[in-house]
Each structure stands twice: as C-alpha cells, then as structure tokens.
Amino acid sequence: MPMLSSLPADSSRTAHPAASAALPSYLQADKLGPWGIYLQQVDRVVPYLGHLARWAETLRRPKRALIVDVPIQLDNGTVAHFEGYRVQHNTSRGPGKGGVRFHQDVTLSEVMALAAWMSIKNAAVNVPYGGAKGGIRVDPKTLSLGELERMTRRYTSEIGIIIGPTKDIPAPDVNTNEQIMAWMMDTYSMNEGATATGVVTGKPIDLGGSLGRRDATGRGVYTVGVEAARHIDLDISTARVAVQGFGNVGGVAARLFAQAGARVVAVQDHGGTIYRQAGLDVPSLLAHVAAAGTVAGFAQAEVLPDAQFWDVDCDILIPAALEQQITAANAGRIRARLVIEGANGPTTPEADDILQDRGVLVLPDVIANAGGVTVSYFEWVQDFSSFFWSEDEINARLVRIMKEAFAGVWEVAQDHGVTLRTATFIVACKRILHARELRGLYP
Ligand code: NAD
C-alpha cells in the first residue's frame, strides 16, 4: 500500500497548508480535565504503536459530538432547559457503546474523555464496539420522577438521530439505572415504530435485559483484582480493602471481596466516610445504603473526616466514584499496594507516576471496570438472537474474558516494562488503529 507507507509516523500531526493547524476549540479546552488526561495517556502510548502511530491523530479527536437542548415542563408548570451530550469517539471496530451520566458537573469535555476511554476499554477486552458516552448536566435528585422521565425521553429523542442498535448503544452510568434505560428503549422504539430492545443495555430483565448485568462491573473489578493480587503475592482472604463510591460498582465489588474473606475497612461516598478496623459488615451496609441513600449514619462504624480516607491503612484501594480523585496531592499518602480503578479516570497522570515510583500497582479503569460493557455486549447479543442465557453461563463467560484480557495486558506490561495502563492502551490502540488502517480513509 504505497499511499499508506509514504505517510510519516504520526503524520496527521503534520497539517496540510489547506487545513487549519489549530485544533477545533472544543479540543483545546480543559488541558487539566479528563480530556486533557486522556490525551496525555495517548501521548504515552504512541511510541509503542509501531507503524500504526501514523493513525494516532484519530484517537485525539472524537468522531462525532452532539450537544442537545433538553427542554421539559416542570411539575410547577414552568419550562426548564438542560444541556445534553452524546459523543461517539471512535467506531472503527463497531457501533459506539457507552453509558449515559446524569450529573450536575457533566461537561462536553468530560463526556469526550469518557467516550474515548470506552473506545480503549472495548478494544482492550476485544468486544466488537467503538466508544461512546452521553450525559445531561443535571442533578437528578432535584427532579420528581415525572420530570426525570420527561427529561430522559426528550434527551433520547434528541440523540435519536445518532443512536440505534447498530449505530450507538447507550447504557447506565452515574445516576442512571434500569428504569431510565427502559424509558430510553421505549422512546426510541416509539419514534421508530418498532420495539428495539437492542438500542440500550442495562435494561430490566423483563425488557430484554441480561441476567448478571447489574453485578457485572463489580464482578469484573473483583475478577481482575484477584488476578493482579496473585501477581504481587497479596492474599485476598486476609486483605484490607478501602472503597470510594458505594453504588453499582463499589457496592458489588465490596460485597465480592468481603465474600472472599477480605476486610472492607473503609467506605466513602457523597455523604461521608466510615471506618471499621475489624471490617464493615458489607451486607448490612448495602441494606443501610438502599434505605438511606448514603453510607453516612451507618451505626456499626466510626466516622472519619473525608480527607482522611486517603490515609487509611489498607492493602487494596478501589476508587469507584468519579474522575480525578487520586491526584498529586494525595497519591503520596496512599498506603495500599494495589489500586483497582472501578471508576473511570480516577487517577491523574501525575498521581500515576507517584504511585508507580512508590511501587503501588494500579489496575487501570480501561480493564478493571470493563466487566459492565462485557455483559452489556452479552445483553445486546441475546437481544439480537432473542435467546437468553443462564446467569451461570454469563458469569463464566465474563470471568473468562476478563482473565484473558488481564493476562494479555500483563504480558505486554512485562515485555515493554510499562505500567498496566500503558500496556492496556498499547493493546487497545493497536486493535483500534489496525481496524482503522484496514478500513482505509473514506472517500
Ligand atoms: P452510582 O451512581 O451507582 O454510584 C456512584 C457512587 O459514587 C455513589 O456511592 C456516590 O455516593 C459516590 N460519590 C459521588 N460523588 C462522590 C464524591 N464526591 N465523593 C465520594 N463518593 C462520591 O455509579 P456507578 O455506576 O457505581 O459508577 C461509579 C463509577 O464507575 C463511575 O466512574 C462510572 O463511570 C464507573 N463505571 C460504571 C459502570 C457501570 O456499569 N455502572 C461501568 C464502568 C464504569
């Protein structure tokens, strides 16, 4: 292919005079935010991409970013406008796939980063998807159930021009759940005139959802966590675990680690931080959170000031809340030997370097929390074939995929002497860019 081989390495950085050398404005902003962090992660991997590095600029730009106005009538009769996003970062390997987040701090650049990490994650576990993400800038706790439904439906209708079972398939993320997926599925289906269960995953079981999906991300965190622990001679059955975020991901991961004998000594969520040296009773804590909405107020624990969470003496730390929690300011204080990233983007690059220098093993988000999208993939396959698998079958397939992906990443990390994050990016970026190269540039 003479045209391709004549391109210099990372050639897309060499702008043609007819093209503006400057990046679009939305790609310039936010150097210290999640998108800036993602770009630094890409820069670190480019030297390992060989001839595929010539396509690297593909990874630095989202394929498509849609901003939508979401007006709804509030219960008091007034109209409120919310800003919504759907970003498809890359679709070289298949349709876009990634969750929808409802949070008051959601921004376009955050959604771009989350979409990009989905591209990496889906390629890392080798499910046939590109990467996408969506969100609405809203605190859903301020809405009534009816307002939440109207907002979800209007948002779905607005992004309906780019989503679909073979185009881009949303799923739950922070503050979105099975009910919201049911409304999204129904809205899309109403607009299409046909029931399309495969347009979203993470649906209720009675609407084409998959057994095992609710626990899948936490189960994946646990599965690869055990694998990583084995490599550093860390015994799970005696390990002390600290968890930030006690929702879908953190709650399930804590439950599985506790079932394996580990002591969950500290948990932090948006409401506060609790500690118990002998180990928290995780099933009781889950019941408390289901009733109270937060770990705060749990009777069988001490209360810690939030900042002290990072000083807790533990063997395993699981950030499972939001981005940029482990920073240069607290990475030096972390006492764990293993950090398993349940959340997306919880560690800044500076903190990554500090943890590496201190010998703390970081199991990155792009593999550690890939269990959710893996079972979402199973759900989508089951919806298309209208044939549903048992929970045992699903968990067995999930564990196999997670273990295989971990083993491949571990080997690349050893071969190149790089962190597990860079190794995961090497595996994933090669898959994405190889697909890119095979497809060629249209037109
Ligand atoms: P969730 O809404 O179920 O739970 C979020 C948790 O984070 C809650 O316990 C909340 O109290 C806590 N939290 C929020 N703000 C906090 C703060 N400032 N400090 C401490 N805790 C805070 O969300 P989830 O689905 O568990 O997602 C958590 C993370 O995992 C996100 O980064 C998400 O992108 C990522 N993730 C989720 C899935 C999934 O399948 N749900 C898959 C992959 C990655």
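Just so we're clear, the structure is a prediction, and the values are computed from it rather than from any experiment.

Here's the deal with the overall build of the chain
Working step 1: Regarding its fold elements, the chain presents 14 helices and twelve strands.
Working step 2: Over its C-alpha atoms the chain spans a radius of gyration of 21 Å, differing by no more than 12% from the 22 Å that the globule rule assigns to 443 residues.
Working step 3: Within the chain, counting contacts between residues at least 6 apart in sequence, those at least 24 apart form 69% of the total.
Working step 4: Within the structure as shown, the chain displays about 18100 Å² of accessible surface, and the carbon and sulfur contribution to it stands at 53%.
Working step 5: Within the chain, the 46 negative side-chain charges are centred at a point lying 4 Å from the centre of the 41 positive side-chain charges.

Structural notes on the site of the ligand
Working step 1: In the vicinity of the ligand lie 21 residues, with D173, T217, F246, H270 and N344 positioned nearest.
Working step 2: The contact in question runs from an oxygen atom of the ligand to an N or O atom on the side chain of R101, over 2.9 Å.
Working step 3: Between the ligand and V249 there is a distance of 2.9 Å, counted from an oxygen atom to a backbone nitrogen or oxygen.
Working step 4: Those elements that place two or more of their residues in the shell around the ligand are helix 7 (213–231) and helix 8 (248–259).
Working step 5: Grouping the amino acids of the shell around the ligand by side-chain chemistry returns seven nonpolar, ten polar and four charged.

Here we look at the packing of aromatic side chains
Working step 1: In this structure the tally under the stated criterion is eleven aromatic pairs.
Working step 2: Here the aromatic rings of Y38 and F425 are separated by 6.4 Å at their centres, their planes lie at 40°, and the arrangement is tilted. One end of the pair, Y38, is in helix 3 (residues 34–45); the other, F425, is in helix 14 (residues 420–439), and 387 residues separate them in sequence. With respect to class, Y38 is no different from F425; both count as buried.
Working step 3: A centroid spacing of 5.8 Å and a plane angle of 90° characterise the contact between Y129 and Y377, whose relative ring orientation is edge-to-face. Placement of the pair is Y129 in the loop between helix 4 (108–124) and strand 4 (131–137) and Y377 in helix 12 (residues 371–385), with a sequence separation of 248 residues.
Working step 4: Among the residues examined, Y377 registers a relative accessible area of 22% and is labelled partly exposed.
Working step 5: Grouping aromatic residues by their ring pairs yields a cluster made of Y129, Y377, F378, W380, F384 and W389.

So, the sheet that holds strand 3 (residues 96–103)
Working step 1: What the five strands build is an open sheet, ordered 1-2-4-3-5; its pairing is mixed. In this open sheet, the two edge strands, each paired with only one partner strand, are strand 1 (64–73) and strand 5 (168–172). Within this sheet the neighbouring strands show an average axis-to-axis angle of 25°, counted without direction.
Working step 2: Contacts between helix 4 and the sheet are confined to strand 1, strand 2 (79–90), strand 3 and strand 4, with strand 4 contributing the most and set at about 150° to the helix.

A short note on the domain arrangement of the chain
Working step 1: You can read the domains of the chain as domain 1 (62–195) and domain 2 (216–368).
Working step 2: One C-alpha centre belongs to domain 1, the other to domain 2, and the line joining them spans 27 Å.
Working step 3: The partner domain 2 presents seven residues to the eleven residues of domain 1 that form the contact.
Working step 4: Of the roughly 810 Å² buried between domain 1 and domain 2, counting both surfaces, carbon and sulfur atoms make up 59%.
Working step 5: For domain 1, the biggest contributors to the area lost against domain 2 are R101, W117 and K121; these three give 48% of the whole.
Working step 6: Summed over the shared surface of domain 1 and domain 2, the number is one salt bridge.
Working step 7: One salt bridge in this structure joins E323 and R101, with 2.7 Å as the shortest N-O distance.
Working step 8: The interface formed by domain 1 and domain 2 includes two residue pairs in polar contact (both at pLDDT 80 or more).

Remarks on the pattern of salt bridges
Working step 1: Per the counting criterion, the structure on display carries 26 salt bridges.
Working step 2: Bridged by salt links that share partners, the residues R101, E110, K133, D173 and E323 form one connected network.

Quick word on the side chain of T223
Working step 1: Position of T223 relative to the elements: it lies in helix 7.
Working step 2: Taking the relative accessible area as the measure of exposure, T223 reaches 7% and is therefore buried.
Working step 3: Looking at T223, its side chain comes within polar contact range of the main-chain oxygen of R219, at 2.7 Å.
Working step 4: Excluding residues within four positions of it along the chain, T223 makes contact with V399, M402 and K403.

What about the packing of helix 3 against helix 10 (residues 349–357)?
Working step 1: Taken N-terminus to C-terminus, the directions of helix 3 and helix 10 make an angle of 55°; their axes are 10 Å apart at the nearest point. By the angle class used here, helix 3 and helix 10 are oblique. Residues I37, Q40 and R44 of helix 3 form the contact with helix 10, whose participating residues are P349, E350 and D353.

Some thoughts on the pairing of strand 2
Working step 1: Along strand 2, nine of the twelve residues are buried, which leaves the element largely enclosed by surrounding structure.
Working step 2: As paired strands, strand 1 and strand 2 are joined by ten bridges and run antiparallel to one another. What sits directly across from D69, in strand 2, is E83.
Working step 3: Of the pairings in the sheet, the one linking strand 2 to strand 4 comprises six bridges and is antiparallel in character. Its bridge partner lying in strand 4, Y85 is registered against G135.

Some thoughts on the environment of V79
Working step 1: If you trace the backbone, V79 turns up in strand 2.
Working step 2: Each C-alpha atom, one on V79 and one on L234, is 55 Å from the other, the two residues being 155 residues apart in sequence.
Working step 3: Once residues within four sequence positions are removed from consideration, V79 is found in contact with P71, I72 and Q73.

As for a positive patch on the surface
Working step 1: Where like charges cluster on the molecular surface, the positive patch consists of K63, R64, K167 and R439.
Working step 2: Looking at the element boundaries, R439 is found in helix 14.
Working step 3: Its relative accessible area of 58% is what places R439 among the exposed residues.

Rules used in this analysis
Residues numbered from 1 in each chain as written. Predicted model: local features only at pLDDT ≥ 70, side-chain atom pairs only at ≥ 80, totals over all residues. Heavy atoms only, no water. Helix = DSSP H or I, 4+ residues; strand = E, 2+ residues; numbered from the N terminus. Rg over C-alpha atoms; globule rule 2.2 N^0.38 Å. Contact = heavy atoms within 4.5 Å. Areas by Shrake-Rupley, 256 points an atom, 1.4 Å probe, with all protein chains shown as cover. Lys, Arg positive; Asp, Glu negative; His and termini not counted. Charge placed at Lys NZ, Arg CZ, Asp CG, Glu CD. Near = heavy atom within 4 Å. Polar contact = N/O pair within 3.5 Å; in protein donor to acceptor, adjacent residues only side chain to side chain. Nonpolar A, V, L, I, M, F, W, Y, C, P; charged D, E, K, R; others polar. Phe/Tyr/Trp six-rings, centres within 6.5 Å; stacked < 30°, edge-to-face > 60°. Buried < 20%, exposed > 50% of the residue type's maximum accessible area, 1.4 Å probe, protein only. Pairing = 2+ DSSP bridges. Axes fitted to C-alpha atoms, helices over the stretch in contact; angles between N-to-C directions. Domains from an automatic or database assignment. Buried area = accessible area lost by both parts, 1.4 Å probe. Salt bridge = Lys/Arg side-chain N within 4 Å of Asp/Glu carboxyl O. Parallel < 35°, antiparallel > 145°, perpendicular 65-115°, else oblique. Patch = residues over 30% accessible without salt bridge, like charges linked within 9 Å, V, L, I, M, F, W, Y side chains within 5 Å.

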